[in-house]
Amino acid sequence: MTREAVLNSAVLMGLFIFPLWAWVVDEPFLITLATKTVILALAGVGLNIALGMGGLVSLGHAAFFGIGGYAMGVLASHAQSYDPILQSPILIEGTRSMPIIWLVAILTSGLAALAIGALSLRTSGVYFIMITLAFGQMLFFFAISWPAYGGEDGLSIYVRSEFPGLNTLDPIQFYAIAYVILAGVLLFAFRLRQSPFGLALNAARQSASRVMTVGMSPYRLQLVAFTLSGMITGLAGALFADLNRFVSPTMFSWQTSGEIMVFIIIGGVGRLFGPVIGAVLFVILEHVLGGISDYWLIYLGVLLLFIVLFARGGVIGTLVGRQASHD
């Protein structure tokens, strides 16, 4: 077993043990903090498929995070008000069922990622970055001007979604749901990376022209990766909205896209557990330094600057050295 695999196992075990300890000592706030960490890590894992595997620097992934959040918010708000979303020509009602909400969030964010990716991937470099940012800001301003669901003030949800056989109001049980989903998505990302598709995507990232010479389309490979990335990020958005029982246009903001990218840069771009470690450090800094100063982001900026200048492989690269990022 490589050093990176050992580190990954330790992180996964730590995320399993810490909330159990918090539950034993009756600290529900720490469990909620851990849940937030896991959900943000899930969003980072989604972006890492596009960024780390496909080399696609997207500043608009908050679009999918927000779509997933609003999918949950719209369905849950109609369920709590007993007001159908649509009555004609077919009846569409709200729901509190987590599996249904997740499915809707994944499908809607996936369709959006497919459409946005189909247009954005016709560009490259800084133009790709700017067009993804533009799409995210378009959805941000659309959410602000959507009074039916709170507009600029956002939408509060007074009920917690339900999962069969579990009490989702119990913080430790809600955490268990998020943790299992994160573990499953990490396994999916690992298998995807080792698959023929993942190998072809990695080749397209390194040399698109060589991939074209063997009869494969870099555009299609990157579009599939971008769509999968958006679907996972949308699922994270639905979980995040359910955790807070609140959705707002800030879920679409470019700052949210930047934060998700920061997780990856801190942990290590292209590393399987890079977004997880990045999210853990981000939440720790936010909780510890945020209680000391309102300007804690300055310290985050210093950390990010140090990593970019002196530790290009992120925390994982610094700890395990220049091993392959596929461990």
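As a starting point, this report considers the structure included with it. No experiment lies behind these values; they were computed from the predicted model shown.

1. Overview of helix α10 (residues 254-267)
1) Next: With 14 residues, α10 ought to run about 20 Å at 1.5 Å a step, and its terminal C-alpha atoms sit 20 Å apart, in line with that.
2) Next: Where α10 is concerned, the buried positions are Thr256, Ser257, Ile260, Met261, Val262, Phe263, Ile264, Ile266 and Gly267.
3) Next: Buried positions along α10 lie against α2 (28-53), α3 (62-81), α11 (274-290), α12 (297-310) and α13 (314-320).
4) Next: In the segment just after α10, Gly268 is the residue with positive phi, at about 135°.

2. Comments concerning the pattern of salt bridges
1) Next: Tallying each qualifying case throughout the model produces 4 salt bridges.
2) Next: As a salt-bridge pair, Lys36 and Glu286 come within 2.9 Å of each other at their nearest N and O atoms. With Lys36 in helix α2 and Glu286 in helix α11, the pair connects residues that are 250 residues apart, well separated along the chain.
3) Next: What makes Glu286 partly exposed here is its relative accessible area of 26%.
4) Next: Residue Glu162 is joined to Arg96 by a salt bridge in which the shortest nitrogen-to-oxygen separation is 3.2 Å. On the criterion of sequence distance, the pair formed by Glu162 in the loop between β1 (155-156) and α6 (171-194) and Arg96 in the loop between α3 and α4 (98-120) is long-range, its members being 66 residues apart.
5) Next: Classification of Arg96 as partly exposed rests on a relative accessible area of 31%.

3. What to know about unusual backbone geometry
1) Next: Residues other than glycine seldom take positive phi values, yet Asp26 does so here, at roughly 60°.
2) Next: Following the sequence through the fold, Asp26 ends up in the loop between α1 (3-24) and α2.
3) Next: By relative accessible area, which is 61% here, Asp26 ends up exposed.
4) Next: Residues other than glycine seldom take positive phi values, yet Arg245 does so here, at roughly 50°.
5) Next: Its location among the elements puts Arg245 in the loop between α9 (218-244) and β2 (246-247).

4. Considering the side chain of Ser229
1) Next: Mapped onto the elements, Ser229 comes out in helix α9.
2) Next: Residue classification places Ser229 among the buried positions, given a relative accessible area of 0%.
3) Next: Here the side chain of Ser229 touches Gly46 through a polar contact of 2.5 Å, landing on its backbone oxygen.
4) Next: Beyond its immediate stretch of four places on either side in the chain, Ser229 contacts Gly46, Leu47, Ile49, Ala50 and His61.

5. Focus on a nonpolar patch on the surface
1) Next: A cluster of nonpolar side chains, contributed by Met13, Phe16, Ile17, Phe18, Leu20, Trp21, Trp23, Val24 and Val25, occupies part of the molecular surface with about 900 Å² of accessible area.
2) Next: Inspection of the secondary structure puts Phe16 in helix α1.
3) Next: On the accessibility criterion, Phe16 (43% relative accessible area) is partly exposed.

6. A short note on the packing of aromatic side chains
1) Next: A full pass over the atoms with the stated rule returns 15 aromatic pairs.
2) Next: Look at Trp102 and Phe163: their rings are 5.7 Å apart centre to centre, the planes differ by 35°, and that puts the pair in the tilted class. Of this pair, Trp102 sits in helix α4 while Phe163 sits in the loop between β1 and α6, and the two are 61 residues apart along the sequence.
3) Next: We classify Phe163 as partly exposed; its relative accessible area is 27%.
4) Next: Ring centres of Phe140 and Phe141 lie 5.1 Å apart, and the angle between their planes is 75°; on these two criteria the pair is classed as edge-to-face.
5) Next: Residue classification places Phe140 among the buried positions, given a relative accessible area of 16%.
6) Next: A connected cluster of aromatic rings, assembled from ring pairs, spans Tyr70, Phe142, Trp146, Tyr149 and Phe252.
7) Next: Of note, Arg160 hangs over the ring of Phe174, and the distance from its end group to the ring centre comes to 4.6 Å.

7. Looking at the environment of Gly165
1) Next: Note that Gly165 resides in the loop between β1 and α6.
2) Next: Residues Gly165 and Val276, spaced 111 residues apart in sequence, show a C-alpha to C-alpha distance of 28 Å.

8. Some points on the environment of Phe188
1) Next: Looking at the element boundaries, Phe188 is found in helix α6.
2) Next: A residue is classified by how much of its surface remains accessible, and Phe188, at 37% relative accessible area, is partly exposed.
3) Next: Setting aside residues no more than four positions away along its own chain, Phe188 makes contact with Ile49, Leu228 and Ile232.

9. Some details on the packing of α2 against α9
1) Next: Packing of α2 against α9 leaves a shortest axis separation of 7 Å and a crossing angle of 165°. The angle between α2 and α9 places the two elements in the roughly antiparallel class. Where α2 crosses over α9, the handedness of that crossing is left-handed. Counted together, Thr32, Thr35, Lys36, Ile39, Leu40, Leu42, Ala43, Gly46, Leu47, Ile49 and Ala50 of α2 and Ala225, Phe226, Ser229, Ile232, Thr233, Leu235, Ala236, Leu239, Phe240 and Leu243 of α9 form the full contact between these two elements.
2) Next: Residues belonging to the contact of α2 with α9 are distributed by class as follows: 15 nonpolar, 5 polar and 1 charged.

Rules and cut-offs
Residues numbered from 1 in each chain as written. Predicted model: local features only at pLDDT ≥ 70, side-chain atom pairs only at ≥ 80, totals over all residues. Heavy atoms only, no water. Helix = DSSP H or I, 4+ residues; strand = E, 2+ residues; numbered from the N terminus. Expected span 1.5 Å × (residues − 1). Buried < 20%, exposed > 50% of the residue type's maximum accessible area, 1.4 Å probe, protein only. Contact = heavy atoms within 4.5 Å. Salt bridge = Lys/Arg side-chain N within 4 Å of Asp/Glu carboxyl O. Polar contact = N/O pair within 3.5 Å; in protein donor to acceptor, adjacent residues only side chain to side chain. Patch = residues over 30% accessible without salt bridge, like charges linked within 9 Å, V, L, I, M, F, W, Y side chains within 5 Å. Areas by Shrake-Rupley, 256 points an atom, 1.4 Å probe, with all protein chains shown as cover. Phe/Tyr/Trp six-rings, centres within 6.5 Å; stacked < 30°, edge-to-face > 60°. Lys NZ or Arg CZ within 6 Å of the ring centre and 35° of its normal. Axes fitted to C-alpha atoms, helices over the stretch in contact; angles between N-to-C directions. Parallel < 35°, antiparallel > 145°, perpendicular 65-115°, else oblique. Left-handed = near helix turned anticlockwise from the far one by under 90°. Nonpolar A, V, L, I, M, F, W, Y, C, P; charged D, E, K, R; others polar.

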